[in-house]
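# Notes for the structure review
Chain by chain, the residues:
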Amino acid sequence: MPFTIEINYGPGRAPETRTIEADKVTIGRDAGDIPLGDGQVSGRHGELTLAAGRVSYRDVGSTNGSFDQSGQRIYATKPLAVGE
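Residues numbered from 1 in each chain as written. Predicted model: local features only at pLDDT ≥ 70, side-chain atom pairs only at ≥ 80, totals over all residues. Heavy atoms only, no water.

Moving on, we come to the sheet that holds strand 5 (residues 46-51). Across the sheet, which stays open at both edges, the 5 strands sit in the order 4-3-5-6-7 with mixed pairing between neighbours. Of all strands in the sheet, those bounded by a partner on one side alone are strand 4 (34-35) and strand 7 (78-80). Bridge count for strand 3 (residues 24-28) against strand 4 is 2 bridges, and the pairing is parallel. If you follow glycine 28 over to strand 4, its bridge partner there is proline 35. (Pairing = 2+ DSSP bridges. Helix = DSSP H or I, 4+ residues; strand = E, 2+ residues; numbered from the N terminus.)

Quick look at the structure:
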């Protein structure tokens, strides 16, 4: 079951919408299924997983960490809601 995500890069760069067909995708600086091209992102930074119709995010030991919209660091797998 595919899902759609919107990637917000920050000021000066337009958001990007992607439809994901896989059950798991990797996010990284310049590699992975979703390369972000940002120096603060680790080479292999995180993973999005689709299971039972829900999307979750997991940091895979990145140097700078992952944070939610409120600025809280994500330490464990985090189920994502629409808009996160």
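Next up on the list: the pairing of strand 6 (residues 54-59). The pairing of strand 5 with strand 6 spans 6 bridges and is antiparallel. Each residue of the ladder has a partner; that of alanine 51, found in strand 6, is arginine 54. Two strands pair when backbone bridges link them, and strand 6 and strand 7 are joined in this way by 3 bridges, in the antiparallel orientation. Considered in strand 7, the bridge of tyrosine 57 is made with lysine 78.

Let us look at the nonpolar core. Generally speaking, a soluble globular protein has its nonpolar side chains buried in company with each other. Counting residues in each nonpolar core, the largest one holds 15 residues, and the members touching the most others are Ile5, Ile34, Leu36 and Leu48. Elements with a contribution of two residues or more to this core: strand 1 (3-7), strand 3, strand 5 and strand 6. Looking at which element gives the most residues to this core, the answer is strand 1, with 3 residues. Residues within four places of leucine 36 in sequence aside, it is in contact with Ile7, Tyr9, Arg13, Ile27, Gly28, Arg29 and Val41. (Core = buried A, V, L, I, M, F, W, Y, C linked by side-chain atoms within 4.5 Å. Buried < 20%, exposed > 50% of the residue type's maximum accessible area, 1.4 Å probe, protein only. Contact = heavy atoms within 4.5 Å.)

Right, let's talk about the pattern of salt bridges for a bit. What the rule picks out here adds up to 6 salt bridges. The residue lysine 24 makes a salt bridge to glutamate 47 at a minimum N-O spacing of 3.9 Å. Linking lysine 24 in strand 3 with glutamate 47 in strand 5, this pair joins segments that are 23 residues apart in sequence. What makes lysine 24 partly exposed here is its relative accessible area of 46%. Glutamate 47 gets classed as buried once you look at its relative accessible area, which sits at 5%. In this structure, glutamate 47 and arginine 58 form a salt bridge, with 2.8 Å as the shortest nitrogen-oxygen distance. Taken together, the residues span a long stretch of sequence, with glutamate 47 in strand 5 and arginine 58 in strand 6 at a distance of 11 residues. (Salt bridge = Lys/Arg side-chain N within 4 Å of Asp/Glu carboxyl O.)

Everything listed here is a matter of geometry and, on its own, says nothing about what the molecule does.
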